[in-house]
Amino acid sequence: MIARFCVAAFVAVLTISAAQAQVRAPSRLPDPRSEFVRQCAPRMLGRWEHPEEVCGCLHDHAAAAVEDRDLREALLRGISETGVPTIETDWVPASKQSEIGPTFTKIAKPTLQCMFDPAKS
């Protein structure tokens, strides 16, 4: 009898816990763009009047111009860590390291636009 009562109580607790878990709002994962701007903006302070705009523009225009995921992630990492477009060779697979130069050529115009007139991007 006691064993049945314990099992019933345990099942009731599990049921209540599961119901409460369904009621809670789903946990929000950080937005990648917001997280990038949060990491990037402090590097831009003192250089630019509106660092958040510059960082957002670099994310939305310069980095978005890079189709390759590895190169784009390396570029975003470089910007957020240094405040300037940078890609370290050890941040990308060896097979893609020859694409670093052409990547900078591709992002040159949108990067300059973001840095010197982010409102027009």
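Just so we're clear, the structure is a prediction, and the values are computed from it rather than from any experiment. (Residues numbered from 1 in each chain as written. Predicted model: local features only at pLDDT ≥ 70, side-chain atom pairs only at ≥ 80, totals over all residues. Heavy atoms only, no water.)

**Overview of the packing of aromatic side chains**
Any pair of aromatic rings gets described here by the distance separating the centres and the angle formed by the planes. A complete count under the given rule lists one aromatic pair for this structure. Relative to Phe-116, the ring of Trp-48 has its centre 5.2 Å away and its plane inclined at 85°; by these criteria the two rings are edge-to-face. Taken together, the positions of Trp-48 in the loop between α2 (32–44) and α3 (51–62) and Phe-116 in helix α5 (residues 100–116) put the pair 68 residues apart, joining distant regions of the chain. Residue class for Trp-48 comes out partly exposed when judged on its relative accessible area of 21%. Classification of Phe-116 as exposed rests on a relative accessible area of 60%. (Phe/Tyr/Trp six-rings, centres within 6.5 Å; stacked < 30°, edge-to-face > 60°. Helix = DSSP H or I, 4+ residues; strand = E, 2+ residues; numbered from the N terminus. Buried < 20%, exposed > 50% of the residue type's maximum accessible area, 1.4 Å probe, protein only.)

**Here we look at the pattern of salt bridges**
The tally for this structure, following the rule as stated, stands at seven salt bridges. Between Arg-33 and Asp-60 there is a salt bridge, and its shortest N-O distance comes to 2.8 Å. Placement of the pair is Arg-33 in helix α2 and Asp-60 in helix α3, with a sequence separation of 27 residues. The exposure class of Arg-33 is partly exposed, given its relative accessible area of 33%. We classify Asp-60 as partly exposed; its relative accessible area is 34%. (Salt bridge = Lys/Arg side-chain N within 4 Å of Asp/Glu carboxyl O.)

**Considering helix α4 (residues 69–82)**
With 14 residues, α4 should reach 20 Å at 1.5 Å per residue; the first-to-last C-alpha distance of 20 Å fits that figure. Taken residue by residue, α4 has Leu-71, Ala-74, Leu-75, Leu-76, Gly-78, Ile-79 and Ser-80 as its buried positions. On the buried face of α4, the contacting elements are α2, α3 and α5. At the N-terminal end of α4, a side-chain oxygen is found 3.1 Å from the backbone nitrogen of Asp-70, two or three residues along, and the residue is Asp-68. A positive backbone phi angle near 85° is found at Gly-83, which sits one or two residues after α4. (Expected span 1.5 Å × (residues − 1). Contact = heavy atoms within 4.5 Å. Polar contact = N/O pair within 3.5 Å; in protein donor to acceptor, adjacent residues only side chain to side chain.)

These figures capture arrangement, not role.
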